[in-house]
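Residue-level structural notes
These are the residues of each chain, in order.
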2 protein chains.
Amino acid sequence: MVQVGLIGLGTVGTGVAKIIKSQNLRINKLVGTEVALTKFCDTIATSKPEIGLNDGILKDYKEILADKSIDIVVELIGGYEPARTIILEAIRAGKHVVTANKAVLAKYLDEILMVAQKHERQIYFEAAVGGGIPVIQGLNEGLAANQIKKIIGILNGTTNFILTQMVEKNISFEQALKAAQKAGFAESDPSFDIEGTDTAHKLVILSSIAFGSWIKISDVYCEGISKLELYDLQVAQELGYGLKLLGIAKDSAGEIEVKVHPTLLPLKHPFISVRNEYNAISITGDAADDVMFYGKGAGMMAAASNVVADIIYLARQVAQGTAGKLPYIIYDPKDKVSILNHEKISSKYYLRFAMEDKPGVLAKIAGILGDSNVSIASVYQPKTIHPEKKGVPIILTTHLAEEGKVQKALQQINQLPITKSNAIFIRIEEDGR
Amino acid sequence: MVQVGLIGLGTVGTGVAKIIKSQNLRINKLVGTEVALTKFCDTIATSKPEIGLNDGILKDYKEILADKSIDIVVELIGGYEPARTIILEAIRAGKHVVTANKAVLAKYLDEILMVAQKHERQIYFEAAVGGGIPVIQGLNEGLAANQIKKIIGILNGTTNFILTQMVEKNISFEQALKAAQKAGFAESDPSFDIEGTDTAHKLVILSSIAFGSWIKISDVYCEGISKLELYDLQVAQELGYGLKLLGIAKDSAGEIEVKVHPTLLPLKHPFISVRNEYNAISITGDAADDVMFYGKGAGMMAAASNVVADIIYLARQVAQGTAGKLPYIIYDPKDKVSILNHEKISSKYYLRFAMEDKPGVLAKIAGILGDSNVSIASVYQPKTIHPEKKGVPIILTTHLAEEGKVQKALQQINQLPITKSNAIFIRIEEDGR
């Protein structure tokens, strides 16, 4: 028998207990022996009748760690602390760990993986990224034969819900945020999601696995969606683009670019059909080319599905006596990766200027962009009128250009006397970049 | 060291050798010991300089099976025989097996899995379905916590290429098939692909894993794309649908429906953006809900990526001494599944009738459908004119109706004196069904 202790009986924890109870015959077949949830800890709940717990819920996680018969500890409390302490103490107490906690992993990945390696314990964390999508396994094992070139992902259900509602219902960011809060997809303080932090956390986890070393949160350039105007989403659509908040990690000739920002994608891109709370992750390997994983990014049972899958793999290894003998992921902090400075990253851009209606305006803008080595791909006169009618809108798209050069040019244009308000820029992601 | 013997040095076999050579440091780290391709067999090639083989290519696979130092045999010759014999003999000789051969698996799945179980050997076959997409692992391990409710897949790159070209270039099936042959995506005899057989093979593999018992090829209702008219794709598009050849397996209240046929999907469905040679598989579990896997369905390196991933997992287990102790998939032919008779399957339908231009025609059709308990959801007058102008086109969509009842009604309508040519029917797949 493999014994599991569960810390945190919120929605995901309750889902995990439900699945292990209802699927126990299948799970035991897969593992080759019985898998049993034998101890539970939650600081608030005293009973959980829906999973058959009328009492016996421990208040102190240390009681689980002290129990020698527990093989696997499942941490589902979220947040940085005490989650970090629990995970580290569990490993030091000889337990293998399953967690769904992206925040603690993103912040303490190096410490946690090194302690696990040292103690020959395994840590699995499939539910930390992409809700019910088995993308960590896909990246780590399914694509094991590949050198990873690129990862792009819609990694946050809240922001994707908001962006979907904006475009489909023609409503502002503020209105869409309220709809998301009403539908239970956004917190009352939504900043963690809408400013891109949650996406950055997940990107840290995926890119650290992909490139075999620690990509830190501070390495990630991060821009959220709270300043987006519906108008630009509408104009972009006229131009053949849809907008998504993406986490992007790319190997650019040995240097890694890692960034989170609103991004335009061609309307034929598979991500455009990823609506509302759904997530998708596209991984490009040198052999498999691009492989995409798609599914529900949120929801009690979706995350629980991934936690239980982790418990199954781990339990199988525990039963076979091999758990922890080989690390789950190839991670070596000594393999330093070089992070490409954000200023040096090349993208295509959508640019919107609001200018006075005078002759020579376009020539002026084009001149400044040209002087900064930013080459124009198209000029567009939108069909849709800007609701505030601030000046004449001029829409440009650029060829690949360096971020630093684009920003310098935009600063100059913003200071022109003929400029009515600051230029809007949105990066474009197309095939091959 | 884990030693691998490779049988079949075609494009995929050559790709496998290339990856193992170029990625050997990463692979050895993942496995915890060296993985070496030590013996090669091919009945035609005598040298393969691109993978460093100037001679020593064996002509008789039995020499590989007789070599006690070989742990894993990789079968990449394709077809039913001698592939079946090689796989079975390899297992009986104590080897673990990796294969990309969907045909042999679909036809002999039961025999192969039972012999593997009996001899405690493992067989992995990730590349048999979906080219470079790790969908077998996703279904078998990633979604292990789920009872599988539904699988739908674009499983054949050739037909998807043809259908994409028809719609995007407004060309006939015959023209698109020629384009596919020119692009190297279709064989000179394309019947295996276009009649749905290849899709049925892959569906047999996926559904047997999903439902834990043998779904036979003869259980699969199979209809190809060779009779499709561009006109119906155009009209369907006006109605908000796109057409894909799908493999579909569903658990309908304990009975399994397994079928391959051209299928209309709402234009917002993620499968609509799966273009050309790409494949996608959507799996619905009771906990994870729908999870989709997407990637290149064809190509030397894509399939090789999956074969090497299989070699890595297997080699890790060989090195740890656990390979074959637990079967890779939970499969028990004694767990009989009940296959739902195709006549009893309920779908929504797109129906096109070509009728004489007379009053009362619609009433006549509606009456016959109503008498057969087929309920009409919409009536549509297409904007596009049929190129042959055979009668007046009447397009109907139905609510859910039983296949047998629809077919009976269509037979009656086809025999009416006012009918100019036989009714066209295409099944519609929408959310919730």
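Predicted, not measured: the structure shown is a model, and the values here were computed from it. (Residues numbered from 1 in each chain as written. Chains lettered and ligands numbered in written order. Predicted model: local features only at pLDDT ≥ 70, side-chain atom pairs only at ≥ 80, totals over all residues. Heavy atoms only, no water.)

1. As for the overall build of chain A
To keep things clear, this is the line we draw: Starting at the N terminus, helices and strands are each numbered in turn, a helix being any DSSP run of H or I of at least four residues and a strand any DSSP run of E of at least two. For the radius of gyration, the atoms used are the C-alpha atoms, and the globule rule reads 2.2 Å times the number of residues raised to 0.38. For each residue, the accessible area found with a 1.4 Å probe, counting protein chains only, is set against the maximum for its type, and the residue is called buried under 20%, exposed over 50%, and partly exposed in between. When checking whether two residues touch, look at their non-hydrogen atoms; a contact exists if any pair is within 4.5 Å. In this tally, Asp and Glu contribute negative charge and Lys and Arg positive charge; neither His nor the terminal groups of the chain are included. We put the charge of a Lys on NZ, of an Arg on CZ, of an Asp on CG and of a Glu on CD.
Helix and strand counts for chain A stand at 14 helices and 17 strands. Against the globule reference of 22 Å for 433 residues, chain A gives a C-alpha radius of gyration of 24 Å, in line with a compact fold. When the backbone C-alpha atoms are referred to their principal axes, chain A occupies close to 80 × 45 × 35 Å. With 433 residues in all, chain A has 60% of them scored as buried. Of all intrachain contacts in chain A linking residues separated by at least 6 positions in sequence, the fraction that spans at least 24 positions is 74%. With 47 positive and 48 negative side-chain charges, chain A shows a separation of 2 Å between the mean positions of the two kinds.

2. Quick notes on the sheet that holds strand β1 (residues 2–7) of chain A
The criterion, for reference: Strand pairing is assigned whenever DSSP detects at least two bridges linking the two strands.
In space, the 5 strands of this open sheet follow the order β2-β1-β3-β4-β5 (chain A), with parallel pairing throughout. Each edge of the open sheet is held by one strand with a lone partner, namely β2 (35–41) and β5 (123–124) of chain A.

3. What about the pairing of strand β4 (residues 96–99) of chain B?
Note on strand geometry: in a regular strand, side chains alternate between the two faces of the sheet. Residues and elements named next belong to chain B. Stated precisely, the cut-off is as follows: With the strands pointing away from the viewer, any crossover whose connection runs clockwise from the first strand over the helix to the second is right-handed.
Burial of the side chains of β4 extends over both faces: His96 and Val98 are buried on one face and Val97 and Thr99 on the other. Where strand β3 (residues 72–75) meets β4, 4 bridges bridge the pair, whose relative direction is parallel. Bridge pairing in β4 places Glu75 opposite Thr99. A crossover connection joins β3 to the parallel β4 through helix α4 (residues 83–92); in handedness this β-α-β unit is right-handed. Bridge count for β4 against strand β5 (residues 123–124) is 2 bridges, and the pairing is parallel. Of the residues in β5, the one forming a bridge with Val98 is Tyr124.

4. Observations concerning the relation of the copies chain B and chain A
Stated formally: All copies are superposed by least squares; the fitting set is the C-alpha atoms of residues with a pLDDT of at least 70 in both.
Overlaying chain B on chain A yields an RMSD of 0.0 Å, the required transformation being a rotation through 180° with an accompanying axial translation of 0.0 Å. Accordingly, the operation relating the two chain copies is best matched by a two-fold axis. Across chain B, the smallest distance between a C-alpha and the rotation axis is recorded for Phe293 of chain B, namely 2.4 Å. When the interface residues of chain B are mapped onto chain A, 100% of them again fall at the interface, so both copies present the same face.

5. Topic: the packing of helix α2 (residues 24–31) of chain B against helix α12 (residues 300–320) of chain B
Residue and element names in this part refer to chain B. We count it as follows: The axes are straight lines fitted to the C-alpha atoms, using for helices just the contacting stretch, and the angles between their N-to-C directions are given from 0 to 180°. Orientation is classified from the angle alone, with under 35 degrees giving roughly parallel, over 145 giving roughly antiparallel, 65 to 115 giving roughly perpendicular, and any other angle giving oblique. Crossings are classed by handedness, with left-handed meaning an anticlockwise turn of the near helix from the far one by less than a right angle and right-handed meaning a clockwise turn. Side-chain classes are defined by residue name, with Ala, Val, Leu, Ile, Met, Phe, Trp, Tyr, Cys and Pro counting as nonpolar, Asp, Glu, Lys and Arg as charged, and the others, Gly among them, as polar.
Where α2 meets α12, the axes come as close as 8 Å, and the angle between the chain directions of the two elements is 40°. Relative to α12, the element α2 lies oblique. For the element pair α2 and α12, the recorded crossing hand is right-handed. Along the contact surface, α2 presents Ile27, Leu30 and Val31, while α12 presents Val308, Ile312, Ala315, Arg316 and Ala319. Its residues assigned to classes, the contact of α2 with α12 shows 7 nonpolar, no polar and 1 charged.

6. Some details on the side chain of Asn146 of chain B
Mapped onto the elements, Asn146 of chain B comes out in the loop between α6 (135–142) and β6 (148–154). Here Asn146 of chain B is in contact with Gln23, Arg26 and Ser305 of chain A together with Gly285, Asp286, Ala287 and Ala288 of chain B, once residues within four sequence places are set aside.

7. Side note on the sheet that holds strand β1 (residues 2–7) of chain B
Residue and element names in this part refer to chain B. Reading across from one edge, β2-β1-β3-β4-β5 is the order of the 5 strands in this open sheet, with parallel pairing throughout. A strand with exactly one partner marks an edge of an open sheet, and here the two such strands are β2 (35–41) and β5. Each of β1, β2, β3, β4 and β5 touches α12; the most contacted strand, β4, lies at about 170° to it.

8. Digging into the packing of helix α7 (residues 157–169) of chain B against helix α11 (residues 230–238) of chain B
Residues and elements named next belong to chain B. In the contact formed by α7 and α11, the axes pass within 10 Å of each other and the chain directions differ by 70°. Between α7 and α11, the crossing angle belongs to the class labelled roughly perpendicular. For the crossing formed where α7 meets α11, the hand is right-handed. Of α11, the residues touching α7 (which contributes Leu163, Met166 and Val167) are Leu230, Leu233 and Gln237. Grouping the constituent residues of the contact of α7 with α11 by class yields 5 nonpolar, 1 polar and no charged.

9. Looking at the pattern of salt bridges
Condition: Salt bridge criterion: a side-chain nitrogen from Lys or Arg within 4 Å of a carboxyl oxygen from Asp or Glu.
Using the criterion set out here, one finds 43 salt bridges over all chains in the structure. Put simply, Asp335 of chain A and Lys29 of chain B hold a salt bridge, and the shortest N to O gap is 3.6 Å. Pair noted here: Asp335 of chain A is in the loop between α12 (300–320) and β12 (338–339) and Lys29 of chain B is in helix α2, and the two residues belong to different chains. Taking relative accessible area as the criterion, Asp335 of chain A reaches 37% and is therefore assigned partly exposed. Residue class for Lys29 of chain B comes out partly exposed when judged on its relative accessible area of 43%. With a shortest N-O distance of 3.5 Å, Glu89 of chain B and Lys62 of chain B are connected by a salt bridge.

10. A word on the domain arrangement of chain A
As a reminder of what qualifies: An automatic or database domain assignment provides the domain bounds reported here.
The domains assigned to chain A are domain 1 (2–131 + 300–320), domain 2 (135–296) and domain 3 (342–428). Distance between the C-alpha centres of domain 1 of chain A and domain 3 of chain A: 51 Å.

11. Looking at unusual backbone geometry
The bulk of non-glycine residues show a negative phi, and the bulk of peptide bonds are trans. With an omega of 5°, the peptide bond between Glu81 of chain A and Pro82 of chain A qualifies as cis. Mapping Pro82 of chain A onto the fold places it in the loop between β3 (72–75) and α4 (83–92). The phi torsion at Glu120 of chain B lies on the positive side, around 50°, for a residue other than glycine. Here Glu120 of chain B lies in the loop between α5 (102–118) and β5. Here the phi dihedral of Ala253 of chain B falls at roughly 50°; this positive angle occurs in a residue that is not glycine. Relative to the helices and strands, Ala253 of chain B is located in the loop between β8 (241–252) and β9 (255–266).

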